Amino acid sequence: NAGVTQTPKFQVLKTGQSMTLQCAQDMNHNSMYWYRQDPGMGLRLIYYSASEGTTDKGEVPNGYNVSRLNKREFSLRLESAAPSQTSVYFCASAIVAKNIQYFGAGTRLSVL
Amino acid sequence: GQQVMQIPQYQHVQEGEDFTTYCNSSTTLSNIQWYKQRPGGHPVFLIQLVKSGEVKKQKRLTFQFGEAKKNSSLHITATQTTDVGTYFCADYAGNNRKLIWGLGTSLAVNP
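Summarised in this report is the structure supplied together with it. (Residues numbered from 1 in each chain as written. Chains lettered and ligands numbered in written order. Predicted model: local features only at pLDDT ≥ 70, side-chain atom pairs only at ≥ 80, totals over all residues. Heavy atoms only, no water.)

**Regarding the overall build of chain A**
Then comes step 1: A tally of regular secondary structure across chain A gives zero helices and 11 strands.
Then comes step 2: Relative to the globule expectation of 13 Å for 112 residues, the C-alpha radius of gyration of chain A, 13 Å, shows essentially globular dimensions.
Then comes step 3: Overall, the C-alpha framework of chain A stretches about 40 × 25 × 25 Å when taken along its three principal axes.
Then comes step 4: A buried classification covers 49% of the 112 residues belonging to chain A.
Then comes step 5: Pairs at least 24 residues apart make up 55% of the contacts formed inside chain A by residues separated by at least 6 positions.
Then comes step 6: Split by element, the accessible area of chain A, about 5,100 Å² in all, is 51% carbon and sulfur.
Then comes step 7: Of the charged side chains in chain A, 11 are positive and 7 negative; the average position of the first set lies 5 Å away from that of the second. (Helix = DSSP H or I, 4+ residues; strand = E, 2+ residues; numbered from the N terminus. Rg over C-alpha atoms; globule rule 2.2 N^0.38 Å. Buried < 20%, exposed > 50% of the residue type's maximum accessible area, 1.4 Å probe, protein only. Contact = heavy atoms within 4.5 Å. Areas by Shrake-Rupley, 256 points an atom, 1.4 Å probe, with all protein chains shown as cover. Lys, Arg positive; Asp, Glu negative; His and termini not counted. Charge placed at Lys NZ, Arg CZ, Asp CG, Glu CD.)

Put into structure tokens, the structure is as follows:
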């Protein structure tokens, strides 16, 4: 049972390039989340999807877009990467009732 | 909006010493969750506290929820090097599918 799978694990981009971070979960969870983690800043929510077909902004959505492709997959897109988006990105999923979140291993992104 | 404050931000202990991290809020907390993140790893769920005054134990870890539901704590007895990492608390209000996260307490353990 893989849980939450994120790809890629590492990525280096140049300023202005675009990329999509992929996330898939095999636990039949309804809710999925994208966080970024920076030193001293904890986990900040970028976007979330409470259920298939819905997405909502978190606290730091600027510069990002998301797609809830189906119940399993939730992708995060950077249209024009900026150095301020250098971070570790985590995807998480949760069953609705308790919202205990299960995290992927993360994507370490550097924007030069 | 609601904020969850964690103290201390960092803690350095000798192996065998005890460790406590606190999670506080000016508003009533709903369901407190605790997560652990090892260096270079991802957050992993430890436990959830729901009831006022609740105390739960996992081996050397003791989790408490305050009587007024405005604070929670995680206490580790006789720390080991395997306890190294960042401990996060998060509150789940239930009606918006989001967790409100503390900034975490980073624990370092000297062998």
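Additional details are given in the paragraphs that follow.
**A few points about the pattern of salt bridges**
Then comes step 1: What the rule picks out here adds up to five salt bridges over all chains.
Then comes step 2: For E54 of chain B, the salt bridge goes to K56 of chain B, with nearest N and O atoms at 3.6 Å.
Then comes step 3: A relative accessible area of 29% places K56 of chain B in the partly exposed class.
Then comes step 4: Here the salt bridges do not stand alone but share partners, grouping R36, D38 and R44 of chain A into one network. (Salt bridge = Lys/Arg side-chain N within 4 Å of Asp/Glu carboxyl O.)

**A word on the environment of S73 of chain B**
Residues and elements named next belong to chain B.
Then comes step 1: Relative to the elements of secondary structure, S73 occurs in strand β8 (residues 71-76).
Then comes step 2: Along the backbone, S73 and G85 are 12 residues apart, and their C-alpha atoms lie at a distance of 16 Å.
Then comes step 3: In this structure, S73 is in contact with T20, T21, Y22, W34, T62, F63 and Q64, ignoring residues within four places of it in sequence.

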